[in-house]
Amino acid sequence: MNIYSFTKNELENYLIENEFKKFNATQILEWVYLKNIKSFDEMRNVSKVLIEFCKTNFTMETLKLITKHSSKDTVKYLFELTDGNKIECVLMKHNYGNSLCISSQVGCNMGCVFCESGRLKKVRDLSLEELVLQVISVKKEENININSIVIMGIGEPFDNFENIKRFLSVAIDPKMIGIGQRHITVSTCGLVPKIKEFADLDTQVNLAISLHAPNNEIRNQIMKINSAYNINSVMSAVDYYIEKTNRRVTIEYIMLDDINDSEKCAKELVSLLKGKLVYVNLIPYNETSNCQIKRSKDFKVKAFYDILKKNGIECTIRKEMGLKVSAACGQLRALSEVK
Ligand code: SAH
């Protein structure tokens, strides 16, 4: 078993079952997560028996790095899992810190027409270990701290909800990955029941909704999930989340040429969002060769932005990073298939 496959609770229980003490879990986790040891022999404040137990029961292997594409502010990693499946994650170096975008599944079943990830149907969910190891592997590879995590890579996190919950417990634990809750964001295409469950967790972890359209007619065309959970149901789940947590929700809106970027769309979006504790992130579309959809023209993005702003909707145009490293969801894996 990999030591990164446990939550703290799970490790505590496992150690207790094996006649160790609950606090031994924290000791081990501190060495593994905070002191970056390479072997359990390096643990100093624990008994020889516990060291031997760890050596026979646990490994601490990281993920196998297949390729790494770097540009000025972005590094994209392709990792191979033990069963041969490949996953991506992207490191973004902002002036306010390092942010890591991780994947939640191998492939994705959500079937958004503009998205490269969905070209590979879901093969399986990522395990807790594989979620955690994306963070640990990048930290070790670059010898850096990660300051924030976004779960916006390949896959639908709320379709792997149990492991995402376990991951969040590891990510926010100060003795483990140790990132502040407000510096973690989970992005969903809108699985309504899970948005509500997420709200009920009562954490400070941020929620981002991939809305991408101001009405059902357009959303039905580009996001298959809208036939199961339409805009109204997504927005009422968002209201529920805001009521429960009092946290501002990010609304993601990819600007797609002649699909969702008209003035009329901007006005509809204003009516949909007016008065809600949300902010809109307008995302320049990363074009892919497998799809005819084009990115919106710059002047249209600007006009759209102006309409939102003028009507009191908080809004930013996402800074583009990683275009040269094919950092849009699924693009690196797709590229590696072609090679
Ligand atoms: N399934 C989740 C998280 C993964 S997708 C979700 O849908 O939110 C992360 C974000 O990237 C989503 O907003 C998705 O719509 C967007 N995205 C997908 N392909 C893109 C592309 N080619 N260019 C820009 N953004 C893209």
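Residues numbered from 1 in each chain as written. Predicted model: local features only at pLDDT ≥ 70, side-chain atom pairs only at ≥ 80, totals over all residues. Heavy atoms only, no water.

The domains assigned to the protein chain are domain 1 (3–57) and domain 2 (64–325). The straight-line distance from the C-alpha centre of domain 1 to that of domain 2 is 34 Å. On the domain 2 side, the residues contacting the 13 residues of domain 1 number 14 residues. Taken together, both faces of the contact between domain 1 and domain 2 bury some 1200 Å²; the carbon and sulfur share is 62%. Across the domain 1-domain 2 interface, the total number found is 3 salt bridges. Between arginine 166 and glutamate 10 there is a salt bridge, with the nearest N and O atoms lying 2.8 Å from each other. Put simply, domain 1 and domain 2 have 4 residue pairs in polar contact (both at pLDDT 80 or more) between them. Where the side of domain 1 that touches domain 2 is concerned, the elements lending two or more residues are α1 (8–17) and α2 (22–34). Counting residues per element, the side of domain 1 that touches domain 2 draws most heavily on α2, which supplies 5 residues. Of the residues belonging to the side of domain 1 that touches domain 2, the class tally is 6 nonpolar, 4 polar and 3 charged. (Domains from an automatic or database assignment. Contact = heavy atoms within 4.5 Å. Buried area = accessible area lost by both parts, 1.4 Å probe. Salt bridge = Lys/Arg side-chain N within 4 Å of Asp/Glu carboxyl O. Polar contact = N/O pair within 3.5 Å; in protein donor to acceptor, adjacent residues only side chain to side chain. Helix = DSSP H or I, 4+ residues; strand = E, 2+ residues; numbered from the N terminus. Nonpolar A, V, L, I, M, F, W, Y, C, P; charged D, E, K, R; others polar.)

A few words on the site of the ligand. Among the 19 residues in the neighbourhood of the ligand, the closest are listed as Glu156, Ser187, Ser210, His212 and Asn286. For the ligand, a nitrogen atom lies 2.9 Å from a polar atom in the side chain of glutamate 156. At a separation of 2.9 Å, a nitrogen atom of the ligand approaches a polar backbone atom of asparagine 286. Of the residues that constitute the shell around the ligand, the class distribution is 10 nonpolar, 7 polar and 2 charged. (Near = heavy atom within 4 Å.)

On to helix α8 (residues 231–245). With 15 residues, α8 ought to run about 21 Å at 1.5 Å a step, and its terminal C-alpha atoms sit 21 Å apart, in line with that. Turning to α8, its buried residues are Ile231, Val234, Met235, Ala237, Val238, Tyr241, Ile242 and Thr245. One side of α8 holds all its buried residues, which, seen down the axis, span an arc of 155°. Among the exposed residues of α8, those oriented more than 90 degrees off its buried face are Asn232 and Glu243. Those residues of α8 that are buried lie in contact with α6 (192–200), β9 (206–210), α7 (216–222), β10 (249–255), α9 (263–273) and β11 (278–284). Of the residues flanking the start of α8, the one acting as N-cap is asparagine 230, its side-chain oxygen 3.1 Å from the backbone nitrogen of asparagine 232. (Expected span 1.5 Å × (residues − 1). Buried < 20%, exposed > 50% of the residue type's maximum accessible area, 1.4 Å probe, protein only. Arc of directions from axis to C-beta.)

A few words on the packing of aromatic side chains. Centre-to-centre distance and the angle between the planes together describe a pair of aromatic rings. What the rule picks out here adds up to 13 aromatic pairs. Here the aromatic rings of phenylalanine 6 and phenylalanine 58 are separated by 5.4 Å at their centres, their planes lie at 75°, and the arrangement is edge-to-face. Of the two residues, phenylalanine 6 is situated in the segment before α1 and phenylalanine 58 in the loop between α3 (48–57) and β1 (64–70); the sequence distance between them amounts to 52 residues. Judged by its relative accessible area of 7%, phenylalanine 6 falls in the buried class. Given a relative accessible area of 4%, phenylalanine 58 falls into the buried group. Residues tyrosine 14 and phenylalanine 58 carry aromatic rings whose centres are separated by 5.9 Å and whose planes lie at 50° to one another, so their mutual orientation is tilted. A residue pair is termed long-range when its members are at least 10 positions apart, and tyrosine 14 in helix α1 and phenylalanine 58 in the loop between α3 and β1 qualify at 44 residues. Of the residues examined, tyrosine 14 reaches a relative accessible area of 18% and is grouped as buried. In textbook terms, an aromatic cluster arises when at least three aromatic residues are bridged by ring pairs, as seen for Phe6, Tyr14, Phe20, Phe40, Phe53 and Phe58. (Phe/Tyr/Trp six-rings, centres within 6.5 Å; stacked < 30°, edge-to-face > 60°.)

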